[in-house]
Amino acid sequence: MLSAYFRLLRANRNFRLLWLAQVVSEMGDWFYSLAVYGLLLELTGNKAQSVGLAVVLQVLPHALAAPTAGVLNDRISRRAIMIGADVARMFIVLGMLAVRTPGMVWLVYPLLLVETIGAAFFEPAHSAVIPNIVAADQVLTANALSSITWSFCLAVGASAGGLAAVLFGRDAVFLLNALSFLGSAWLIRKMRFEEPHAAGHPPFHARDLVDFRPVVEGVRYMRGDARLFATVFVKGGIGLLGANNVLLPILGRQVFATTFHGLDPGRGAVLGMSLLMGARGAGSLIGPLIGRRWAADARARLSLGILFGFLCAAAGYVWLGTSASLTLAVFAVVLAHAGTSTNWVFSSTLLQMQTEDRFRGRVFAADIGLCMLTLSLSSYAAGVALDSGISARTFAVIIGAVMLIPAGAWAWVLARRER
């Protein structure tokens, strides 16, 4: 099974460069996210809403920028968009070094907002170029490897990020993340591939950013294909689990703080957060590894696998809320995120199979935008609920029950397809 990933990386230079850029950038991102959440909890007196708002600003701009990002990604070079977004984010992350006191906490939020706008342009480009640089029968393999890499970076980055922040301080983490964006831009700049979607268009002007005719055209295209339209909403269902971005740090800090080798409470809390976030990464790694082998490019299995993924997410978070130890909590998180990562890979692959190249930027902008919209709403709701007195354990069970909603909706879609 692993040989397919090695063959793809060895034989395809463009995908290898894109994959290396992902490794460099995402490893820095997970170091960075944990440092930002720890900074906010420290400077705001452990307010969950501060992390909830940070998560909202890391995801909601994806939804707001989606129409513009989709149109731009279908008009100009997606490679150029990725390079520009990386360079811009490098400078934005360096701004975090200015946050030193509770009075400067406000600066975190606009920096996160602007950084996320950069990501809103980068991510659709990344997904849209994969069918341009790999063969049709390697699209699922490429998507699975990208998801596995994201998961590995989360597992290692979140776990090591906590240790790095403890040992070297947050400033070192912020500097590393800024350098990771620079490295990613350099690697993507070395890619060489055809971009047929950008051919034959007149020069792009600033006024085109407020021309909504291409947006309407993209919506009509998606609505014209019932399978495509339903699949666009899968990641919106995954986004309902976005509360984990608030919930896992709180559980790690308040419920599952480790006392390993007599760590003081502050460092034990950081390590507890790291272990739960690392478990999320481990689950996200395992899911696509198993799922790719089981699905084997069959569309029917890709669709059925999405239903199983939602059910695993529901069961995992109910189990997390009732876990009696950190060990059981880790296994519960692994199960839940094995399900959601499988859904991410399978839905992306189905969209790439079903979408014409000239619409791919708009389709993936809508796909990611819907995910980030529901993710931001669930994250902020988690912050409000936890600060209002609902226990973290109870909220985990609630989130698990909520995941039955997209599971039921997708089961209904599958039943209609079989008629």
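Residues numbered from 1 in each chain as written. Predicted model: local features only at pLDDT ≥ 70, side-chain atom pairs only at ≥ 80, totals over all residues. Heavy atoms only, no water.

Draft legend 1. Geometry of the overall build of the protein chain. A count of helical and extended segments in the protein chain gives 17 helices and 0 strands. Every one of the 419 residues in the protein chain was classed for burial, and the buried ones make up 56%. Contacts in the protein chain between residues at least 24 apart in sequence constitute 86% of all its contacts with a sequence separation of at least 6. As displayed, the protein chain has an accessible area near 17100 Å², and 67% of this comes from carbon and sulfur atoms. (Helix = DSSP H or I, 4+ residues; strand = E, 2+ residues; numbered from the N terminus. Buried < 20%, exposed > 50% of the residue type's maximum accessible area, 1.4 Å probe, protein only. Contact = heavy atoms within 4.5 Å. Areas by Shrake-Rupley, 256 points an atom, 1.4 Å probe, with all protein chains shown as cover.)

Draft legend 2. Molecular detail of the pattern of salt bridges. Under the criterion given, the structure shown has 10 salt bridges. Of the charged contacts, one joins Asp86 and Arg89 as a salt bridge, the two residues approaching to 2.8 Å between their closest N and O atoms. Here Asp86 and its partner Arg89 are both found in helix 4 (residues 78–94), 3 residues apart, which amounts to about one turn of the helix. In this pair, the class of Asp86 matches that of Arg89, namely buried. In this structure, Arg362 engages Glu217 in a salt bridge whose closest nitrogen and oxygen atoms are separated by 3.3 Å. Of this pair, Arg362 sits in helix 15 (residues 360–387) while Glu217 sits in helix 8 (residues 213–223), and the two are 145 residues apart along the sequence. One network of salt bridges, with partners in common, ties together Asp74, Arg78, Glu217, Asp357, Arg360 and Arg362. (Salt bridge = Lys/Arg side-chain N within 4 Å of Asp/Glu carboxyl O.)

Draft legend 3. Focus on empty space enclosed by the protein. Counted according to the given criterion, the structure contains 2 cavities of 30 Å³ or more. Its boundaries defined by the atoms lining it, the largest cavity holds a volume of some 1200 Å³. For the largest cavity, the lining is made up of 49 residues, of which Glu26, Glu123, Trp150, Trp344 and Met372 are closest to its centre. Here the lining of the largest cavity gets 10 residues from one element, more than from any other, and that element is helix 2 (residues 13–43). A per-class count over the lining of the largest cavity returns 22 nonpolar, 21 polar and 6 charged. (1 Å grid on protein atoms, 1.4 Å probe; cavity = no way out; pocket = protein on both sides within 12 Å on 5 of 7 lines; lining within 4 Å. Points joined across faces, edges and corners; volume = space filled by probe spheres on them. Nonpolar A, V, L, I, M, F, W, Y, C, P; charged D, E, K, R; others polar.)

Draft legend 4. Quick look at a positive patch on the surface. Together, Arg13, Arg189, Lys190 and Arg192 make up a positively charged patch on the protein surface. Mapping Arg13 onto the fold places it in helix 2. (Patch = residues over 30% accessible without salt bridge, like charges linked within 9 Å, V, L, I, M, F, W, Y side chains within 5 Å. Lys, Arg positive; Asp, Glu negative; His and termini not counted. Charge placed at Lys NZ, Arg CZ, Asp CG, Glu CD.)

Draft legend 5. Just the layout of surface pockets, in detail. In this model, the largest pocket occupies a volume close to 430 Å³. Phe229, Ala230, Phe233, Trp410 and Val413 are, among the 18 residues lining the largest pocket, the residues nearest its centre. Listed by contribution, the elements that provide at least two residues to the lining of the largest pocket are helix 9 (226–232), helix 10 (234–239), helix 15 and helix 17 (404–417). For the lining of the largest pocket, the leading source of residues is helix 17, giving 7 residues. Of the residues in the lining of the largest pocket, the class split is 12 nonpolar, 3 polar and 3 charged.

Draft legend 6. Spatial organisation of the nonpolar core. Counting residues in each nonpolar core, the largest one holds 112 residues, and the members touching the most others are Val36, Leu320 and Trp410. Here this core takes 15 residues from helix 2, the largest share from any one element. Every residue in contact with Val36, bar those within four places of it in the chain, is listed here: Met96, Val108, Leu112 and Phe174. (Core = buried A, V, L, I, M, F, W, Y, C linked by side-chain atoms within 4.5 Å.)

Draft legend 7. Spotlight on the environment of Leu414. When you line up the elements, Leu414 lands in helix 17. A relative accessible area of 14% places Leu414 in the buried class. Sequence spacing of Leu414 and Ala230 is 184 residues, and the spatial spacing of their C-alpha atoms is 10.0 Å. Filtering out sequence-adjacent residues up to four positions away, Leu414 remains in contact with Ser303, Leu304 and Leu307.

Draft legend 8. Molecular detail of the packing of aromatic side chains. Under the criterion given, the structure shown has 3 aromatic pairs. Ring centres of Phe229 and Phe233 lie 5.2 Å apart, and the angle between their planes is 75°; this geometry places the pair in the edge-to-face category. For Phe229, a relative accessible area of 35% translates into the label partly exposed. Residues Trp294 and Phe308 carry aromatic rings whose centres are separated by 6.1 Å and whose planes lie at 55° to one another, so their mutual orientation is tilted. Highlighted residues: Trp294 in helix 12 (residues 265–295) and Phe308 in helix 13 (residues 299–322), separated in sequence by 14 residues. Residue Phe308 is classed as partly exposed on the basis of its relative accessible area, which comes to 42%. (Phe/Tyr/Trp six-rings, centres within 6.5 Å; stacked < 30°, edge-to-face > 60°.)

Draft legend 9. Expanded view of helix 7 (residues 170–189). Here helix 7 spans 29 Å end to end across 20 residues, near enough to the 28 Å set by a 1.5 Å rise per residue. Of all the residues in helix 7, the buried ones are Val173, Phe174, Asn177, Ala178, Ser180, Phe181, Ser184, Ala185, Leu187 and Ile188. (Expected span 1.5 Å × (residues − 1).)

Draft legend 10. The side chain of Gln352, seen in detail. Mapped onto the secondary structure, Gln352 falls in helix 14 (residues 326–354). The residues touching Gln352, leaving out its near neighbours within four places in the chain, are Ser127, Ile130, Pro131, Val139, Asn143 and Phe364.

Draft legend 11. Structural detail: a nonpolar patch on the surface. A cluster of nonpolar residues, Val87, Phe91, Leu94 and Leu175, forms a patch on the protein surface that exposes about 330 Å² of accessible area. Looking at the nonpolar patch, the element that brings in the most residues is helix 4, giving 3 residues. Structurally, Leu94 can be placed in helix 4.

Draft legend 12. Up close: the packing of helix 2 against helix 5 (residues 108–133). Contact geometry for helix 2 and helix 5: axes closest at 13 Å, N-to-C directions at 155°. Overall, the two elements helix 2 and helix 5 adopt an arrangement that is roughly antiparallel. With respect to the hand of their crossing, helix 2 and helix 5 are arranged in left-handed fashion. Listed contacts from helix 5 to Asn14, Phe15, Leu18, Gln22, Tyr32, Val36, Leu39 and Leu40 of helix 2 are Val108, Tyr109, Leu112, Glu115, His126, Val129, Ile130 and Ile133. Split by residue class, the contact of helix 2 with helix 5 holds 12 nonpolar, 3 polar and 1 charged. (Axes fitted to C-alpha atoms, helices over the stretch in contact; angles between N-to-C directions. Parallel < 35°, antiparallel > 145°, perpendicular 65-115°, else oblique. Left-handed = near helix turned anticlockwise from the far one by under 90°.)

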